[in-house]
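# Observations on chain architecture
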Amino acid sequence: MKSFEEIYRQFDVQQKSYPYGNGHINDTYLITPCPKYILQRINTAIFTDPDGVMNNINAVTVHIKKKLAEQGRDTERETLTVIKTLDGKSYYRDEDGNCYRMYKFIEGAVSYDNVSSAEILESAAKSFGEFQNMLSDFPAETLHESIKNFHNTPLRFEALKRAIADNKAGRLDSVKEEVEYALSFENEIDKVTKGIEDGTIPLRVTHNDTKINNVLIDPQTGKGVAVIDLDTVMPGSLLYDFGDGLRTGGAMAAEDETDLSKVGLSTELFASYVKGFLAGIGDGICQKELDLLPYSVFLLTYECGIRFLTDYLEGDTYFKIHRPNHNLDRARTQLAMCKDIISKYDILSEIVRKAR
Ligand code: ADP
Ligand code: GN1
Ligand code: MG
């Protein structure tokens, strides 16, 4: 494997690098001192076509920069800027097949894994809504599908059933209760995929990974600065971005909290997210999407829960883990959060009705 110095030289950069951020997928490094950059080793086990991913990111960021310029906004700070290699490529592939890309570091902005302030969450939600709005005229058919069926919850359910049957890591006995609860939702999880199929839910260009730490916030003003982590920008439903934003942004505890009594969805944060997201998205949202906003929070939380459970059963091959049982702890929080969301469903629906 190449030394880091050799890797940055490919981008004409010579400073030091440090591991950075809390993403579950790519290896991220901060390159410092100034000018700072973000160096990422793309997880090519997951993103098997890095050319396709980087083509998407280039096209989407060029489109967003054009929109930002038209609005007199900061084109360098409010979206990602890809740094090309010395030979003009969007990423560098070393002899062992490792793929590295570099972005300008967005200064004066932080990412939060959890948000306790309703104002900050409203701003974050507005940024995610605006992100979709700015891409509403982007030609969706030109996007490469970076992970097929990424938010196809019924297929995620099938994957869980396969993981249960295979019991590859021999862990099934320790998760009987979680498995039983997860399997009980078989008939509740196809509302979005069906709606897309029958044309009642519009297909849009969506981010698809609107975890709250994928939007950078200015800590001085509490306002959203840039939506980042653009690997999964693909055609999808607005409901994916809304639901996944609340899964983490509206959570009362960390994604890997072990004290499940702390886990749940804050209705106050939900209300702020609805307000911010609707302000950002503008007029384009349809009635069916509005009706399904509360459902989407359940759906995306459930989907993430069964993805963690599947990965636990398969021996932790997808998400990065930092301790034993990490994926199990994450699965448990998501399933506990589902219970809480279901118990608050009427309140959530009322909040959406009032916000229209
Ligand atoms: P992953 O796909 O592994 O989640 P991300 O692209 O989300 O990787 O990056 C991980 C973290 O690095 C982010 O949550 C954010 O804190 C930080 N980060 C990524 N890109 C930038 C950037 N251009 N400027 C500043 N911080 C960034
Ligand atoms: C991953 O890359 P990151 O950490 O922002 C995952 C999301 C999950 C999330 C769970 C490409 O997001 O789909 O919801 O972990 N990204 C990918 O925390 O699988
Ligand atoms: Mg991320």
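It should be emphasised that the depicted structure is a prediction, and the values quoted were computed from it without experimental measurement.

### Looking at the overall build of the protein chain
A tally of helices and strands in the protein chain yields twelve helices and ten strands. On C-alpha atoms alone, the protein chain measures out to a radius of gyration of 20 Å, which is about the 21 Å that the 2.2 N^0.38 rule sets for 356 residues. Taken along its principal axes, the extent of the C-alpha atoms in the protein chain is 55 × 50 × 40 Å. In the protein chain, which comprises 356 residues, the share counted as buried stands at 56%. Sequence-distant contacts, at least 24 apart, represent 74% of the contacts inside the protein chain between residues at least 6 apart. Approximately 15700 Å² of the protein chain is accessible, and the part contributed by carbon and sulfur atoms is 49%.

### Overview of the site of ligand 2
Inspection of the region around ligand 2 gives 17 residues, with H24, K211, E255, R307 and Y318 positioned closest. At a separation of 2.9 Å, an oxygen atom of ligand 2 approaches a polar side-chain atom of N214. The separation between an oxygen atom of ligand 2 and a polar side-chain atom of R307 is 2.8 Å. Protein coverage of the free-state accessible area of ligand 2, which is 440 Å², stands at 97%. Residue composition of the shell around ligand 2, grouped by class: seven nonpolar, four polar and six charged. Built from parts of two domains, the shell around ligand 2 gets at least three residues from each of domain 1 (4–104) and domain 2 (118–355).

### Considerations on the pattern of salt bridges
Side-chain pairs of opposite charge can arise where the charged atoms are in close proximity. A full pass over the atoms with the stated rule returns 28 salt bridges. Among the salt bridges present, the one from E78 reaches R73, with a minimum N-O distance of 2.8 Å. On the basis of relative accessible area, R73 is assigned to the partly exposed category, the value being 26%. Because the salt bridges share partners, they merge into one network encompassing D27, R41 and K320.

### Details of unusual backbone geometry
Of note, the bond from T32 into P33 is cis; its omega dihedral lies within 30 degrees of zero at 0°. Cis rather than trans, the peptide bond between C34 and P35 has omega equal to -10°. With respect to the helices, strands and loops of the structure, P35 is situated in the loop between strand 2 (27–32) and strand 3 (37–42). One non-glycine residue, N208, adopts positive backbone phi at about 75°. Assignment of secondary structure puts N208 in the loop between strand 7 (204–206) and strand 8 (215–217).

### Comments concerning the coordination of the magnesium ion (ligand 3)
Around the magnesium ion (ligand 3), the protein supplies N214 (OD1) and D229 (OD) as donor atoms, at distances of 2.2 Å. Of the two residues, N214 is situated in the loop between strand 7 and strand 8 and D229 in the loop between strand 9 (224–227) and strand 10 (234–236); the sequence distance between them amounts to 15 residues.

### Observations concerning the site of ligand 1
Residues in contact with ligand 1 amount to 20 residues; listed here are only the nearest, N26, Q40, I106, S111 and D229. I25 places a polar main-chain atom, nitrogen or oxygen, 3.3 Å from an oxygen atom of ligand 1. K104 places a polar main-chain atom, nitrogen or oxygen, 3.0 Å from a nitrogen atom of ligand 1. Burial of ligand 1 by the protein amounts to 96% of the accessible area it has alone, namely 550 Å². Those elements that place two or more of their residues in the shell around ligand 1 are strand 3 and strand 6 (99–104). Taken together, the residues that form the shell around ligand 1 break down as nine nonpolar, nine polar and two charged. When residues are assigned to domains, the shell around ligand 1 turns out to be shared by domain 1 (4–104) and domain 2 (118–355), each giving three or more.

### Quick word on the pairing of strand 3
Counting buried residues in strand 3 gives five out of six residues, a clear majority hidden from the surface. The pairing of strand 2 with strand 3 spans five bridges and is classified as antiparallel. When the bridges of strand 3 are listed, D27 appears paired with R41. Relative to strand 6, strand 3 runs antiparallel, the two being bridged by six bridges. Of the residues in strand 6, the one forming a bridge with R41 is Y100.

### Notes on the environment of F150
As for its placement among the helices and strands, F150 is situated in the loop between helix 3 (118–134) and helix 4 (153–166). Linking F150 and G250, residues 100 residues apart in sequence, is a C-alpha distance of 22 Å.

### Quick look at the nonpolar core
As a rule of thumb, nonpolar side chains are buried together in soluble globular proteins. One finds F242, F270, Y273 and Y302 to be the most contacted residues of the largest nonpolar core, which totals 102 residues. For this core, the element with the highest residue contribution is helix 10 (residues 293–313), accounting for 13 residues. When residues of this core are assigned to domains, at least three fall in each of domain 1 (4–104) and domain 2 (118–355). Setting aside its immediate chain neighbours within four residues, Y302 contacts T153, F157, A182, F185, I189, L335 and C338.

How each quantity is defined
Residues numbered from 1 in each chain as written. Chains lettered and ligands numbered in written order. Predicted model: local features only at pLDDT ≥ 70, side-chain atom pairs only at ≥ 80, totals over all residues. Heavy atoms only, no water. Helix = DSSP H or I, 4+ residues; strand = E, 2+ residues; numbered from the N terminus. Rg over C-alpha atoms; globule rule 2.2 N^0.38 Å. Buried < 20%, exposed > 50% of the residue type's maximum accessible area, 1.4 Å probe, protein only. Contact = heavy atoms within 4.5 Å. Areas by Shrake-Rupley, 256 points an atom, 1.4 Å probe, with all protein chains shown as cover. Near = heavy atom within 4 Å. Polar contact = N/O pair within 3.5 Å; in protein donor to acceptor, adjacent residues only side chain to side chain. Nonpolar A, V, L, I, M, F, W, Y, C, P; charged D, E, K, R; others polar. Domains from an automatic or database assignment. Salt bridge = Lys/Arg side-chain N within 4 Å of Asp/Glu carboxyl O. Donors = N, O, S within 2.8 Å, 3.2 Å for Na, K, Ca; no water. Pairing = 2+ DSSP bridges. Core = buried A, V, L, I, M, F, W, Y, C linked by side-chain atoms within 4.5 Å.

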